[in-house]
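Working through the structure, step by step
One letter stands for each residue in the lines below.
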Amino acid sequence: MRRKDVILMFLLLVALAACKGKKDDGPVKTPWGPVVDNNGVFDLDQIQRNGELIMLTLSGPETYYDYHGRPMGTQYLLCERFAEKIGCSVRVDVCRDTTEMLEKLQEGVADLIAYPLKRDSAQLAFDSLGWVVDKLKPELERELRSWYRSSMLAEVRQQEKEMLSVKNRVRRHVYAPMLDRAGGIISKWDGYFINYAPKAGWDWQLLAAQCYQESTFDPQAHSWAGACGLMQIMPATADHLGLARDKMYDPESNIAAAAKYIAELNGLFKDIPDRRERINFVLASYNGGAFHIRDAMALTEKYGGNKHRWADVSRYVLLLQQEQYYRDPVVKHGYMRGSETADYVTRIQQRYNEYRGVHSPLGGSFQTPRKAKKERKGKYRI
């Protein structure tokens, strides 16, 4: 054996002996605090240090769903309350079934199951709710038991009902749907609609009809979910579009961002050849999310309908409120409040039909994006 190899082997033996003889001096200290080795199990203290409570659940109106970019569902809202109490945010992992939830909990990839399960189906059930906590997390389980009151479930359901009510959904001043019919003026924002509708590839009256549905032409409109301004743009969407947060209530900036977003959605549905049909899908996506509309299209195709025809797809948008359909294997994003989205599209199309043919004093009749683009010269002033 070469001398170099002998020296390396000697150093390795010394290092191993040192490790074997070293005493456990407790948690390793780091610049951000001690790292506690708890055999990979995150109990309450570690969850609070991490700042995130991970919940497992199933998609559904009583459990968890996405509503205009805001997580909703009775079980989610209750879990959110508990997370706020312990100083954490909530991360949701939506599973396909209860078996997957239990497997993931046993694997240690989540902290609890926020779904009503029978006690005999899990390691440790939180009886009052049917939630499940890993048996290796006794501190978390004790905190849950000390926090929960039997009245909370009813309180959260009432809170959700109020949030979703038409009366409380969007705070806005309701303006008339037509400012001056004889003068050909739909709203005081017509100049912006005319300027930016071509960027969306739409008629300006259609953009106006959508704006009325969103905010009734109130630039200060805002919803409890966080949507802002004339076109009710969510903060996350504004960030994506490059709309500064301090400009979200600015009428022109808000409409310009909405036109950009509509153009983006148009691109997502370019597989729909008929432009008039595509408008319906874009409107539905603006309201309910493109992923849910794609789920409805998948269901339409599965059950023999035309997935490029809104009359067929809207039926499955409605059916995504039923467990049989939102749990269908072709559905990737679960439950949606489909009746709201279907009504949204219908109302905008009805108002658009009322607005069509309006001859704006700002630039004549704008019946098509092609004509609007040809006739406009610079930006119209309001």
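Structural notes, computed from the coordinates. (Residues numbered from 1 in each chain as written. Predicted model: local features only at pLDDT ≥ 70, side-chain atom pairs only at ≥ 80, totals over all residues. Heavy atoms only, no water.)

**Considering empty space enclosed by the protein**
Gaps left between atoms show up when a probe the size of a water molecule is rolled over them. As a reminder of what qualifies: The rule is simple: put a 1 Å grid over the protein atoms alone, call a set of points where a 1.4 Å probe fits but cannot get out a cavity, call an open set with protein on both sides within 12 Å along at least five of seven lines a pocket, and count a residue as lining if it has an atom within 4 Å of a point. Grid points are joined across faces, edges and corners, and a volume is the space filled by probe spheres set on the points. By definition, any uninterrupted DSSP run of H or I lasting at least four residues is a helix, any uninterrupted run of E lasting at least two residues is a strand, and each is numbered from the N terminus. Charged means Asp, Glu, Lys or Arg here, nonpolar means Ala, Val, Leu, Ile, Met, Phe, Trp, Tyr, Cys or Pro, and polar covers whatever is left, Gly included.
In this structure the tally under the stated criterion is 2 cavities of 30 Å³ or more. Roughly 80 Å³ of volume is contained in the largest cavity. Lining the largest cavity are Asp 66, Tyr 67, His 68, Asn 287, Gly 288, His 292, Met 336, Arg 337, Glu 340 and Thr 341. Elements represented by at least two residues in the lining of the largest cavity include exactly strand E4 (65–67), helix H12 (275–288) and helix H16 (338–355). Partitioning the lining of the largest cavity into residue classes produces 2 nonpolar, 5 polar and 3 charged.

**Topic: the layout of surface pockets**
When its volume is computed, the largest pocket comes out at roughly 1000 Å³. For the largest pocket, the lining is made up of 42 residues, of which His 68, Glu 214, Asn 287, Glu 340 and Tyr 344 are closest to its centre. For the lining of the largest pocket, the secondary-structure elements that each account for two or more residues are E4, helix H7 (166–169), helix H9 (204–215), helix H10 (235–241), helix H11 (251–268), H12, helix H13 (290–302) and H16. Per element, the largest residue contribution to the lining of the largest pocket is 8 residues, and it comes from H16. Taken together, the residues that form the lining of the largest pocket break down as 19 nonpolar, 13 polar and 10 charged. Approximately 270 Å³ is the volume attributed to the second largest pocket. In this structure, the second largest pocket is lined by 16 residues; those nearest its centre are Ser 59, Val 94, Lys 332, His 333 and Gly 334. Put simply, the parts of the chain that give the lining of the second largest pocket at least two residues each are E4, strand E6 (89–95) and H13.

**Here's the deal with the packing of helix H14 (residues 310–319) against H16**
Heads up, the rule is: As a rule, the C-alpha atoms of each element are fitted with a line to give its axis, helices using only the stretch in contact, and angles between N-to-C directions run from 0 to 180 degrees. Orientation is classified from the angle alone, with under 35 degrees giving roughly parallel, over 145 giving roughly antiparallel, 65 to 115 giving roughly perpendicular, and any other angle giving oblique. In what follows, a contact means two residues having at least one pair of non-hydrogen atoms within 4.5 Å.
For the pair H14 and H16, interaxial distance at closest approach is 7 Å and the crossing angle is 150 degrees. With respect to H16, the axis of H14 lies roughly antiparallel. Note on element contacts: H16 touches H14 through Gly 338, Ser 339, Thr 341, Ala 342 and Val 345, opposite Trp 310, Val 317 and Leu 318. Residues that form the contact of H14 with H16 fall into these classes: 5 nonpolar, 3 polar and no charged.

**Structural notes on helix H8 (residues 190–200)**
Put simply, the rule is: Relative accessibility decides the category of a residue: with a 1.4 Å probe and only protein chains considered, values under 20% of the type maximum give buried, values over 50% give exposed, and everything between is partly exposed.
Counted residue by residue, H8 has 10 buried out of 11 residues, so it is predominantly covered. Along H8, the residues that are buried comprise Asp 190, Gly 191, Tyr 192, Phe 193, Ile 194, Asn 195, Tyr 196, Ala 197, Pro 198 and Ala 200. Positive phi appears at Gly 201, one or two residues downstream of H8, with a value of about 80 degrees.

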